Amino acid sequence: MTDSDVTKDGVRGERAGREATPAGPGPGGTSAERSGPAAGKTDRKRRRGKRRGEEPMVPRAEFGSYYGRPVIKAPGWKATDIAGYFFAGGLAGAGSVLAAGAQLSGRPTTAKAMKLSSLAAVTASTAALIHDLGRPERFANMLRVFKPTSPMSVGSWLLAAYGPAAGAAAVLETTGRLPRINTAATGTAALLGPVVAAYTAVLAADTAVPAWHEAHRELPYLFVSSATAAASGMALVTAPVRENAPARRAALLAAAGEAAAVRLKRRRLGMIAETYERGKAGKLMRAAELLTAGGALGAAVLGRRYRSGAAVSGLALLAGSACTRFGVFHAGIASAEDPAYTVVPQRERRERRAAEAAARVAGGADGDSGARDGQDGQHG
Amino acid sequence: MTEIDLRDLLSGPEADPAGRAGYTGHPERVGFFTDTSVCIGCKACEVACKEWNAIPEDGLSLTGMSYDNTQGLGGSTWRHVAFIEQSAVTRAPAPPEPAGAVTPGAEVPHPDGRTELRWLMSSDVCKHCTHAACLDVCPTGSLFRTEFGTVVVQEDICNGCGYCVPACPYGVIEQRPSDGRAFKCTMCYDRLGEGMEPACAKACPTDSIQFGPLDELRERAAGRVEQLREAGVTDARLYGEDPEDGVGGDGAFFLLLDEPEVYGLPPDPVVTTRDLPRMWTHAGVAALSLLGGIATAFLSSPAARRGAGTARTGVFGRGLGR
């Protein structure tokens with residue numbers, strides 16, 4: 001805000017929009033290029049509606065905005081801090097489950113490797129969180145209260161419980177000391193790990209960011225699948241071939257789960273799904289899909305015989321998981337910065353509600369069932 | 001606590017937010033009613049707010065888009081006057097089909113030869129929601145509900161995590177780049193305690209910004225809308241006054257002359273924590289499915305037995321005893 005956007009050619013080389021509610025395809029104003037595609041899409045929809053020549057029950061929401069400026073504020077988080085935090089947390093959490101499974105089933109190399117990777121990952125995620133906060137003592141301040149309504153608070157406490165458990169498991173495994181405490185720490189980390197992997201989805205979804213909030217049903221499944229993909233990838237990279245059968249199977253499950261969650265999300269998000277398909281987020285999500293599916297398939301086909309095949313597949317899975325987290329992060333930012341994704345779905349929701357209220361007033365059992373549907377939609 | 005109670009706590013109508021926050025014998029809930037139909041865009045509120053609250057300068061640039069160079073609410077802008085320049089053609093219903101000659105946005109001369117142009121001005125501010133997402137998601141308790149039913153950030157406790165920023169459905173609260181902590185309108189909490197009205201309302205020369213007990217303001221606003229509609233201003237509407245809306249009603253509500261999004265306001269805001277019980281449920285199921293999925297991957301694995309040969313005698317003994 002301190003620098004002027006105005007040059008001799010106008011705002012960023014373009015004449016500024018003179019109206020707060022332009023009728024053209026773009027919301028105009030200073031963020032024309034950013035808002036262009038989305039607004040163009042709604043325009044397209046509108047025209048399609050007109051060509052069909054019949055007026056829909058609920059009129060198509062027209063999109064107006066205040067000079068194309070965002071309605072909500074995008075989070076000020078850096079991608080490397082927060083998307084990195086999501087990725088590392090998932091790798092650590094699912095890794096602890098793999099470590100416990102490996103220990104229980106007599107796969108010592110995998111168990112040790114996964115414990116060490118979980119310790120490294122949880123350390124990295126804490127470092128990312130602290131870097132985001134700015135000063136180390138601010139992490140301690142996060143523990144001054146416990147607030148169930150704040151996923152950030154729940155997550156801080158979770159990390160404070162999980163981190164030491166994962167750390168103890170890794171250190172005791174390496175030193176070979178205190179086997180019972182090692183077992184207890186391994187078990188604790190394995191039970192808390194899945195929650196560490198899943199809660200970050202709530203952290204993202206409990207915001208007004210359309211691409212995250214509206215996906216609150218699917219994000220947890222997407223996040224645990226992605227976490228499993230990362231952890232099984234790490235196991236494939238670090239463990240010998242004779243121990244990697246569970247990791248290969250977990251990778252296949254993760255890839256299937258992730259593909260299903262992504263498709264479900266896309267279907268339910270409507271217009272907001274665009275934010276996952278366009279720009280940086282779109283590239284990342286496509287890369288994630290290819291890497292995860294390729295990694296899982298590679299592991300299944302090559303991983304049981306070839307050490308190098310397993311390692312390459314594992315790296316692909318790790319990279320795929322990272323791409324998923326960064327993709328989700330950037331989709332959220334894109335959806336927050338473009339007012340269309342806030343305004344159009346909200347208008348449609350409001351108009352649907354109004355139409356249903358009118359139907360209810362008109363009376364009859366039909367109206368009642370419509371009202372119930374409307375409530376559901378409202379929660380979505 | 002039943003689920004109904006929890007839902008009630010997180011969203012829905014709430015008659016007494018201060019009482020719910022634990023205050024007994026607290027004063028009446030107060031708020032702002034911003035009547036934009038009489039706003040003249042003088043920005044006295046912006047200036048008074050900056051001066052009283054000693055808010056740092058946050059940019060002296062020109063945007064080129066309108067007289068609004070403040071652009072929006074933020075960490076160092078707690079009152080913001082929007083300037084909306086409209087020609088009637090963009091607002092009128094689409095002309096019947098053959099009007100292909102009309103390019104959108106072009107000024108269409110009126111029958112009497114004038115071009116129709118209007119300016120809407122509106123002073124925006126934190127809404128002090130009945131269910132405030134920023135307050136609910138703050139992990140440190142830095143945001144709190146005051147005895148007046150308003151929402152305030154304690155600067156000395158704010159951790160700079162920035163979680164309140166994307167949580168706000170109105171895009172009000174923001175981190176100040178210089179120190180990372182979040183700031184927003186306090187409704188001049190310090191002045192309220194002394195029985196004074198907030199600086200912006202005090203400075204407003206047209207009484208566009210009205211301060212007072214919320215119930216009284218709601219009545220006054222309903223009367224004003226009625227009056228404007230009778231005078232032929234059919235677009236006049238209240239925004240944020242309904243306790244049944246997604247945030248349980250705003251402590252600062254508005255009389256608008258056009259759709260909310262024209263002013264940069266969300267048409268149907270919802271407190272983000274309304275869906276939180278469902279989110280935690282899904283996260284729990286997802287966590288269990290992770291556990292179950294990996295367990296399945298191990299259970300269906302014959303390799304454990306084929307492996308070292310030692311596992312057969314005691315998978316658990318060997319595994320755990322190492």
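Residues numbered from 1 in each chain as written. Chains lettered and ligands numbered in written order. Predicted model: local features only at pLDDT ≥ 70, side-chain atom pairs only at ≥ 80, totals over all residues. Heavy atoms only, no water.

Q: How would you sum up the overall build of chain A? Please name residues and give values.
A: What chain A contains, in helices and strands, is 14 helices and two strands. Burial status across chain A gives 58% buried among its 380 residues. Considering only intrachain contacts with a sequence separation of at least 6, the fraction spanning at least 24 residues in chain A is 75%. (Helix = DSSP H or I, 4+ residues; strand = E, 2+ residues; numbered from the N terminus. Buried < 20%, exposed > 50% of the residue type's maximum accessible area, 1.4 Å probe, protein only. Contact = heavy atoms within 4.5 Å.)

Q: So, the overall build of chain B: which residues are in play, and what are the values?
A: Counting its regular elements, chain B contains 11 helices and 10 strands. Looking at chain B as a whole, 53% of its 322 residues qualify as buried. For chain B, the accessible surface area stands at approximately 13,800 Å², while carbon and sulfur atoms represent 57% of it. (Areas by Shrake-Rupley, 256 points an atom, 1.4 Å probe, with all protein chains shown as cover.)

Q: So, the nonpolar core: which residues are in play, and what are the values?
A: Core analysis: the biggest nonpolar cluster contains 164 residues, and Trp-212, Leu-219 and Tyr-276 of chain A together with Phe-32 and Leu-143 of chain B have the highest contact counts within it. In terms of residue count, the dominant contributor to this core is helix α2 (residues 79–104) of chain A (14 residues). Beyond its immediate chain neighbours, meaning those up to four positions away, Leu-219 of chain A contacts Ala-201, Ala-204, Ala-205, Trp-212, Tyr-276 and Val-328 of chain A. (Core = buried A, V, L, I, M, F, W, Y, C linked by side-chain atoms within 4.5 Å.)

Q: Describe the sheet that holds strand β1 (residues 30–35) of chain B, listing the residues and the values that go with them.
A: All names here are of chain B. Taken together, four strands build an open sheet; the order of strands is β8-β1-β10-β9 and the sheet is mixed. The sheet is open, and its two borders are formed by β8 (209–213) and β9 (237–239), each paired with just one other strand. Each neighbouring strand pair of the sheet contributes to a mean axis angle of 25°, computed without reference to strand direction. Strands in contact with helix α8 (residues 214–230) are β1, β8, β9 and β10 (252–256); relative to β8, the strand with the most contacts, it is inclined by about 135°. (Pairing = 2+ DSSP bridges. Axes fitted to C-alpha atoms, helices over the stretch in contact; angles between N-to-C directions.)

Q: Describe the pattern of salt bridges, naming the residues involved and giving the relevant values.
A: Per the counting criterion, the structure on display carries 24 salt bridges over all chains. Put simply, Glu-259 of chain B and Arg-350 of chain A hold a salt bridge, and the shortest N to O gap is 3.1 Å. Here Glu-259 of chain B, found in the loop between β10 and α9 (276–299), pairs with Arg-350 of chain A, found in helix α13 (residues 339–362), and the two come from separate chains. When its relative accessible area of 23% is taken as the criterion, Arg-350 of chain A is described as partly exposed. For the salt bridge of Asp-58 of chain B with Lys-50 of chain B, the shortest nitrogen-to-oxygen distance reads 3.0 Å. Here Lys-50 of chain B falls in the partly exposed class, since its relative accessible area comes to 24%. Look at the salt bridges and you will find they share partners, linking Arg-347, Arg-350 and Glu-351 of chain A together with Asp-235, Arg-237, Glu-259 and Glu-261 of chain B into a network. (Salt bridge = Lys/Arg side-chain N within 4 Å of Asp/Glu carboxyl O.)

Q: Talk me through the packing of aromatic side chains; I want residue IDs and the actual numbers.
A: Two descriptors summarise a pair of aromatic rings, namely the distance from one centre to the other and the angle between the planes of the rings. Under the definition given, this model contains 15 aromatic pairs over all chains. When the centroid spacing of 6.1 Å and the interplanar angle of 90° are considered together, the rings of Phe-83 of chain B and Trp-119 of chain B count as edge-to-face. Here Phe-83 of chain B is found in strand β2 (residues 79–87), whereas its partner Trp-119 of chain B is found in strand β3 (residues 117–125), with 36 residues between them in sequence. Chaining the aromatic ring pairs together yields one cluster made of Trp-77, Trp-212 and Phe-329 of chain A together with Tyr-163 of chain B. The residue whose ring lies beneath Lys-265 of chain A is Tyr-276 of chain A, and the NZ or CZ to ring-centre distance is 3.2 Å. Here the guanidinium or amino end of Arg-79 of chain B rests over the ring plane of Phe-32 of chain B, the centre of that ring lying 4.6 Å away. (Phe/Tyr/Trp six-rings, centres within 6.5 Å; stacked < 30°, edge-to-face > 60°. Lys NZ or Arg CZ within 6 Å of the ring centre and 35° of its normal.)

Q: So, the side chain of Thr-200 of chain A: which residues are in play, and what are the values?
A: Residue and element names in this part refer to chain A. Take Thr-200: it is sitting in helix α6 (residues 179–205). Thr-200 gets classed as buried once you look at its relative accessible area, which sits at 1%. Looking at Thr-200, its side chain comes within polar contact range of the main-chain oxygen of Ala-197, at 3.3 Å. When sequence neighbours within four positions are dropped, the list of residues in contact with Thr-200 reads Tyr-85, Phe-86, Phe-223 and Arg-325. (Polar contact = N/O pair within 3.5 Å; in protein donor to acceptor, adjacent residues only side chain to side chain.)

Q: Tell me about a nonpolar patch on the surface, and name the residues and values.
A: All names here are of chain A. Residues Val-301, Leu-302 and Tyr-306 make up a contiguous nonpolar surface patch of roughly 300 Å² in combined accessible area. Positionally, Tyr-306 belongs in the loop between α11 (279–302) and α12 (307–337). Looking at Tyr-306, the relative accessible area reads 47%, which means it is partly exposed. (Patch = residues over 30% accessible without salt bridge, like charges linked within 9 Å, V, L, I, M, F, W, Y side chains within 5 Å.)

Q: How would you explain the pairing of β1 of chain B if you had to name every residue and give the values?
A: Every regular strand shows the same layout, with side chains that alternate between the two sheet faces. Residues and elements named next belong to chain B. Among the six residues that make up β1, six are buried, leaving the element largely enclosed by the rest of the structure. Side chains Val-30, Phe-32 and Thr-34 project from β1 onto one buried face, and the interleaved Gly-31, Phe-33 and Asp-35 project onto a second face that is buried too. In this structure, β1 lies alongside β8, joined through five bridges in antiparallel fashion. Across the sheet, residue Phe-33 finds its bridge partner in β8, namely Gln-210. Across four bridges, β1 lies against β10 in parallel orientation. Bridging from a neighbouring strand, Phe-32 pairs with Ala-252 of β10.

Q: Explain helix α3 (residues 108–133) of chain A to me, and be specific about the residues and the numbers.
A: Over its 26 residues, α3 of chain A runs 37 Å from end to end, which matches the ideal 38 Å to within 8%, given 1.5 Å per residue. Positive phi appears at Gly-134 of chain A, one or two residues downstream of α3 of chain A, with a value of about 110°. (Expected span 1.5 Å × (residues − 1).)

Q: Explain the interface of chain A and chain B to me, using residue names and the numbers behind them.
A: Between chain A and chain B, the residue contacts involve 93 residues of the former and 96 residues of the latter. Taken together, both faces of the contact between chain A and chain B bury some 8,000 Å²; the carbon and sulfur share is 58%. The interface formed by chain A and chain B holds five salt bridges in total. Along the contact surface separating chain A from chain B lie 27 residue pairs in polar contact (both at pLDDT 80 or more). (Buried area = accessible area lost by both parts, 1.4 Å probe.)

Q: Explain the state of the cysteines to me, using residue names and the numbers behind them.
A: All names here are of chain B. Summed over all chains, the structure comprises zero disulfides over all chains. Here Cys-168 is not cross-linked by a disulfide; its sulfur's nearest cysteine counterpart is in Cys-134, at 6.3 Å. Unpaired in this structure, Cys-188 has its nearest cysteine sulfur neighbour in Cys-200, at a distance of 6.2 Å. Look at Cys-188 and you get buried, because its relative accessible area is 6%. (Disulfide = S-S within 2.5 Å.)

Q: Describe the environment of Gly-41 of chain B, with residues and values.
A: With respect to the element layout, Gly-41 of chain B can be found in the loop between β1 and α3 (44–53). Ignoring sequence-local partners within four residues, the contact set of Gly-41 of chain B consists of Val-81, Phe-83 and Met-121 of chain B.

Q: Tell me about the side chain of Ser-118 of chain A, and name the residues and values.
A: Residues and elements named next belong to chain A. Residue placement: Ser-118 occurs in helix α3. Residue Ser-118 is classed as buried on the basis of its relative accessible area of 1%. Look past the residues within four positions of Ser-118 in its chain and what remains in contact with it is Leu-91, Ala-92, Gly-95, Ser-96 and Tyr-162.

Q: I'd like a rundown of the pairing of β10 of chain B, residues and numbers included.
A: Residue and element names in this part refer to chain B. Judged by how many residues are buried, β10 sits mostly within the fold: five of five residues are covered. Here β10 shows two buried faces, one formed by Ala-252, Phe-254 and Leu-256 and the other by Phe-253 and Leu-255. Two elements, β9 and β10, share three bridges in a ladder whose sense is antiparallel. By the bridge assignment for β10, Leu-238 is matched with Leu-255.

Q: Would you mind going over α3 of chain B in detail, with residue names and values included?
A: Residue and element names in this part refer to chain B. Taken as a whole, α3 has its buried residues at Cys-45, Glu-46, Ala-48 and Cys-49. Those residues of α3 that are buried lie in contact with β2, β3, α7 (199–203) and β8. Positive phi shows up at Ala-54, right after α3, with a value of about 50°.

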